[in-house]
Amino acid sequence: AQSVTQLGSHVSVSEGALVLLRCNYSSSVPPYLFWYVQYPNQGLQLLLKYTSAATLVKGINGFEAEFKKSETSFHLTKPSAHMSDAAEYFCAVSTWGAQKLVFGQGTRLTINP
Amino acid sequence: GAVVSQHPSRVICKSGTSVKIECRSLDFQATTMFWYRQFPKQSLMLMATSNEGSKATYEQGVEKDKFLINHASLTLSTLTVTSAHPEDSSFYICSARWGDGYTFGSGTRLTVV
């Protein structure tokens, strides 16, 4: 079975500062890992995904994440936060052939002017 | 890219009535769709997995008779909340597997009064 833990339910950074959202996973087989963003009353938008190719994954809106097997981590980063980045972020895990996508608890990102 | 269209985006219904939510895959065939429920400021909880032409698989604790799922074609899955009560008020999101990832509907805000 797979599981995901997002460290920090709420992260607050200043505009222009580094964004770091933490995600650790547990999986007995090679995982597929995803980061999604959700704005209020909307569905989920894919930021990026890791599916066993390059360990450093670049996504939309300047976000990237690095898959570290030794640390079972898939942290999301962005060098310079923008006000429009304020949203809820979800890390999720699946595996090849698995049906389910398992979500972390979510991290609410607040950007301070 | 693969698009899942979810309707309605918002619905208000009276207690005791039933509400149907539709999810359509617009440019691909979705053999499997997933239905999630999301409470305010919480993560997505998988309710059930619907497979075209067969019975849905419900997660533990989800009432099958209350949340009726039908996946009669490769492009349409529906969730019917029967005899709705105020505690069923929530945000419902559908999703479909697409390639090595998942695509999500825009969600339905259900309010039962």
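Quick note: structure is the one above.
In this text the structure is predicted, and so the values were computed from the model without any measurement.

Q: How would you explain the interface of chain A and chain B if you had to name every residue and give the values?
A: The interface is formed by 20 residues belonging to chain A together with 20 residues belonging to chain B. Together, the buried faces of chain A and chain B total about 1,700 Å²; carbon and sulfur atoms form 49% of this surface. Counting across the interface, chain A meets chain B through one salt bridge. Across the contact surface, chain A and chain B share seven residue pairs in polar contact (both at pLDDT 80 or more).

Q: Which residues make up the side chain of Gln38 of chain A, and what values go with them?
A: Here Gln38 of chain A shows up in strand β4 (residues 31-38). Exposure remark for Gln38 of chain A: the relative accessible area of 7% places this residue in the buried category. Side-chain polar atoms of Gln38 of chain A contact the backbone oxygen of Gln42 of chain A, separated by 2.8 Å. Polar contacts involving the side chain of Gln38 of chain A include one to the side chain of Gln38 of chain B, which spans 2.9 Å. Look past the residues within four positions of Gln38 of chain A in its chain and what remains in contact with it is Gly43, Leu44, Ala87, Glu88 and Phe90 of chain A together with Gln38, Phe91 and Ile93 of chain B.

Q: Give me unusual backbone geometry: which residues, what numbers.
A: Cis geometry is found at the peptide bond from His7 of chain B to Pro8 of chain B, where omega equals -5 degrees. Structurally, Pro8 of chain B can be placed in the loop between β1 (4-7) and β2 (10-13). Of note in this structure, Asn41 of chain A is not a glycine but carries a positive phi near 60 degrees. Tracing the chain through its elements places Asn41 of chain A in the loop between β4 and β5 (44-50). Exposure remark for Asn41 of chain A: the relative accessible area of 40% places this residue in the partly exposed category. A positive phi angle is found at Thr72 of chain A, which is not glycine, with a value near 45 degrees. Turning to its location among the elements, Thr72 of chain A is positioned in the loop between β7 (64-68) and β8 (73-78). In this structure Thr72 of chain A comes out as partly exposed when scored by relative accessible area, which is 31%.

Q: Can you tell me about the environment of Ile93 of chain B, naming the residues and giving the values?
A: One can find Ile93 of chain B in strand β9 (residues 90-98). It is 7.7 Å that separates the C-alpha atoms of Ile93 of chain B and Gln38 of chain B, two residues lying 55 residues apart in sequence. With sequence-adjacent residues up to four places away left out, Ile93 of chain B is seen in contact with Gln38 and Leu44 of chain A together with Gln6, Phe34, Trp35, Tyr36, Gln38, Leu44, Phe104, Gly105 and Gly107 of chain B.

Q: Give a description of the pairing of β5 of chain A that names residues and reports values.
A: All names here are of chain A. When β4 meets β5, the two strands line up antiparallel, connected through six bridges. The residue of β5 that forms the bridge with Val37 is Gln45. Between β4 and β5, which pair antiparallel and follow one another directly, the connecting turn spans five residues, one of which, Asn41, has a positive phi of 60 degrees.

Q: Which residues make up the pairing of strand β10 (residues 101-104) of chain B, and what are the values?
A: Residue and element names in this part refer to chain B. Going residue by residue along β10, you find Gly101 and Thr103 tucked away on one face and Tyr102 and Phe104 tucked away on the opposite face as well. Pairing of β9 with β10 involves four bridges; the strand directions are antiparallel. Its bridge partner being in β10, Ser95 is matched across the sheet by Phe104. Hairpin connection between β9 and β10: a loop of two residues separates the two successive antiparallel strands, and Gly99 in this loop has a positive phi of roughly 60 degrees.

Q: Which residues make up the sheet that holds strand β8 (residues 76-81) of chain B, and what are the values?
A: Residues and elements named next belong to chain B. The four strands lie next to each other as β1-β3-β8-β7, forming an open sheet whose pairing is antiparallel. Strands at the two margins of the open sheet, each flanked by one partner only, are β1 and β7 (67-73). Averaged over all adjacent pairs, the angle separating strand axes in this sheet is 15 degrees, with direction ignored. When β7 meets β8, the two strands line up antiparallel, connected through five bridges. Bridge assignment links Ser73 to a residue of β8, and that residue is Leu76.

Q: Just give me the short version of the environment of Ser106 of chain B, but keep the residues and values in it.
A: Its location among the elements puts Ser106 of chain B in the loop between β10 and β11 (108-112). Of the residues examined, Ser106 of chain B reaches a relative accessible area of 38% and is grouped as partly exposed. With 49 residues separating them in the primary sequence, Ser106 of chain B and Thr57 of chain B have C-alpha atoms 22 Å apart. Ignoring any residue separated from it by four or fewer positions in sequence, one finds Ser106 of chain B in contact with Asn41, Gln42 and Gly43 of chain A together with Gln6 and Phe91 of chain B.

Calculation criteria
- The residue numbers shown here count from 1 along each chain, following its written sequence.
- Note on labels: chains are lettered from A, ligands numbered from 1, in written order.
- Only residues with pLDDT of at least 70 get local features here, since the model is predicted, and only at 80 or more are side-chain atom pairs given and counted; chain-wide, interface and lining totals rely on the full set of residues.
- For side-chain calculations, the full set of non-hydrogen atoms in the structure is used, while hydrogens and water are omitted.
- Contact criterion: two residues are considered in contact whenever any of their non-hydrogen atoms come within 4.5 Å of each other.
- Two parts placed together each lose some accessible area; with a 1.4 Å probe, that loss summed over both constitutes the buried area.
- Salt bridges are identified by distance alone: a Lys or Arg side-chain nitrogen within 4 Å of an Asp or Glu carboxyl oxygen.
- The definition of a polar contact used here is a pair of N or O atoms within 3.5 Å, where within protein one atom must be able to donate a hydrogen and the other to accept one, and adjacent residues in sequence count solely through side-chain atom pairs.
- The way it works is that DSSP assigns letters per residue, a run of H or I at least four long becomes a helix, a run of E at least two long becomes a strand, and they are numbered from the N terminus.
- For the exposure calls, accessible area comes from a 1.4 Å probe over protein chains only, and a residue counts as buried if that area is under 20% of its type's maximum, exposed if over 50%, partly exposed in between.
- When DSSP locates at least two bridges between a pair of strands, those strands are taken to pair.
- Think of each axis as a best-fit line through the C-alpha atoms, taken over the contacting stretch in the case of a helix, with angles from 0 to 180 degrees between the N-to-C directions.

The quantities given are spatial measurements derived from coordinates; they are silent on function.
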